[in-house]
Amino acid sequence: MSKKYEIEGKQYQFNYKKFAELVENKAKEQGWSKIWIFKEIAQYLHWNIDDNVNKIYRWSRGLNAPVDLTIIRDISNYFKVEFSQLLTVNAKGKIKMNSEKKTGVGTPLKKFQQEELLKVKDAILDYVYDNYTSAFWEDYAFSDYGFDKEGESLSFRLMEKKDTSFNVDNYFSAEELRQIDEERLLEAEILKNSNNKKRPDVPLLDEYRVIYENGKMYELMRKIERSLSVLPFNIVGTIIQMVVNTLPDGRQYLSELSAFDGIVSKHYSSFDDVIDPNFVYDFDDEDGVKRDSTYNIVMNVHKQLNELINKYCD
């Protein structure tokens, strides 16, 4: 993301490549997987592991960045490196995205197809408003004005009002949930003992955290992809392109799909312009537009959905 930090009048960005390098080196040095480094960083920052390991992983991919310099200082202390190594001078550039294809269909959509398109639209808007609260309020909460006198961010109170209907436990059997509890206790015990070099595998717990973090996006994408049985291929492709380009979580979904060698291009070969392993994001914008603000994310979703509805529905 295009998070910028100011030090003595000069703007910097998080050096995610250096961060990824430090993670890689420490993992090799200790003989651990990189996921354990992310867990240790979360513990070092006194953060909940379930809520934050995936967030820290995203830092290493340049898909997000720490919210302030204090966190970056703590990370540098964890790795025992100079604070400046995790910063890079901000260089302005343009957002690089695949251009959306405005391809229409030869004839207007049939009534049942229009109804399906409207269902997909509702699913996308439900996701957006469940996960981003109010566009105006969340932008305000993360601004300089969104802090009360005690320093608590208004955003924390807003986040508590988000939809909580998604239950990750439904993805696992009772026996798997019991094993997850055992793995959680084992992990906590090992992480408490910093001198212990043993880092056990906790595969179900790690999978649980991924679904906990990304389950709603996966379910949304499944609804969109299932509409292929009703909607023309190019319309579904346009919708997926919109989600991937517009929502930060969509970028994460794309990144995870692209991590599997060959699978993406094999199963999505007709979506070449949508699912592209070489898809590149550069979040700087030379005209200074705050494209990744919650307000702009939500308004952009509405704009693109309205264009689709106006084009294909009566």
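Residues numbered from 1 in each chain as written. Predicted model: local features only at pLDDT ≥ 70, side-chain atom pairs only at ≥ 80, totals over all residues. Heavy atoms only, no water.

For helix α1 (residues 16-30), with 15 residues, the first-to-last C-alpha span of 21 Å sits near the 21 Å given by 1.5 Å per residue. Looking only at α1, the buried set comprises Lys18, Phe19, Leu22, Val23, Lys26, Ala27 and Gln30. Along its buried surface, α1 packs onto β2 (10-14), α2 (34-44), α3 (49-61) and α4 (69-79). Positive backbone phi, at 75°, marks Gly31, one or two positions downstream of α1. (Helix = DSSP H or I, 4+ residues; strand = E, 2+ residues; numbered from the N terminus. Expected span 1.5 Å × (residues − 1). Buried < 20%, exposed > 50% of the residue type's maximum accessible area, 1.4 Å probe, protein only. Contact = heavy atoms within 4.5 Å.)

To continue, consider the environment of Gly31. With respect to the secondary-structure elements, Gly31 resides in the loop between α1 and α2. Sequence separation between Gly31 and Arg199 is 168 residues, and the spatial gap between their C-alpha atoms is 8.8 Å.

Located in the positive-phi region is Glu8, a residue other than glycine, with phi close to 50°. Along the polypeptide, Glu8 turns up in the loop between β1 (5-7) and β2. One non-glycine residue, His46, adopts positive backbone phi at about 60°. Along the chain, His46 turns up in the loop between α2 and α3. Its relative accessible area of 73% is what places His46 among the exposed residues.

Before going further, it helps to spend a moment on the nonpolar core. By size, the foremost hydrophobic cluster in this structure holds 39 residues, and its most contacted members are Phe14, Phe19, Ile37, Ile41, Trp59, Ile72 and Phe79. Broken down by secondary-structure element, the contributors of at least two residues to this core are β2, α1, α2, α3, α4, α8 (174-192) and α9 (203-226). Top element by residues in this core is α4. It accounts for six residues. The next biggest cluster of nonpolar side chains, apart from the first, holds 30 residues, and it includes Leu117, Ile239, Met242 and Ile309. (Core = buried A, V, L, I, M, F, W, Y, C linked by side-chain atoms within 4.5 Å.)

The next subject is the packing of α1 against α4. It is the contact of α1 with α4, at a shortest axis distance of 11 Å, that shows an interaxial angle of 30°. Relative to α4, the element α1 lies roughly parallel. Crossing of α1 against α4: the hand is left-handed. Taken together, the residues of α4 that come into contact with α1 (itself represented by Phe19, Leu22, Val23 and Lys26) are Ile75, Tyr78 and Phe79. When the residues that make up the contact of α1 with α4 are grouped by side-chain class, the tally is six nonpolar, no polar and one charged. (Axes fitted to C-alpha atoms, helices over the stretch in contact; angles between N-to-C directions. Parallel < 35°, antiparallel > 145°, perpendicular 65-115°, else oblique. Left-handed = near helix turned anticlockwise from the far one by under 90°. Nonpolar A, V, L, I, M, F, W, Y, C, P; charged D, E, K, R; others polar.)

You can see Arg209 is positioned in helix α9. Taking relative accessible area as the criterion, Arg209 reaches 8% and is therefore assigned buried. For Arg209, the residues in contact, after removing those within four places along its chain, are Lys39, Ile49, Asp50, Arg184 and Glu187.

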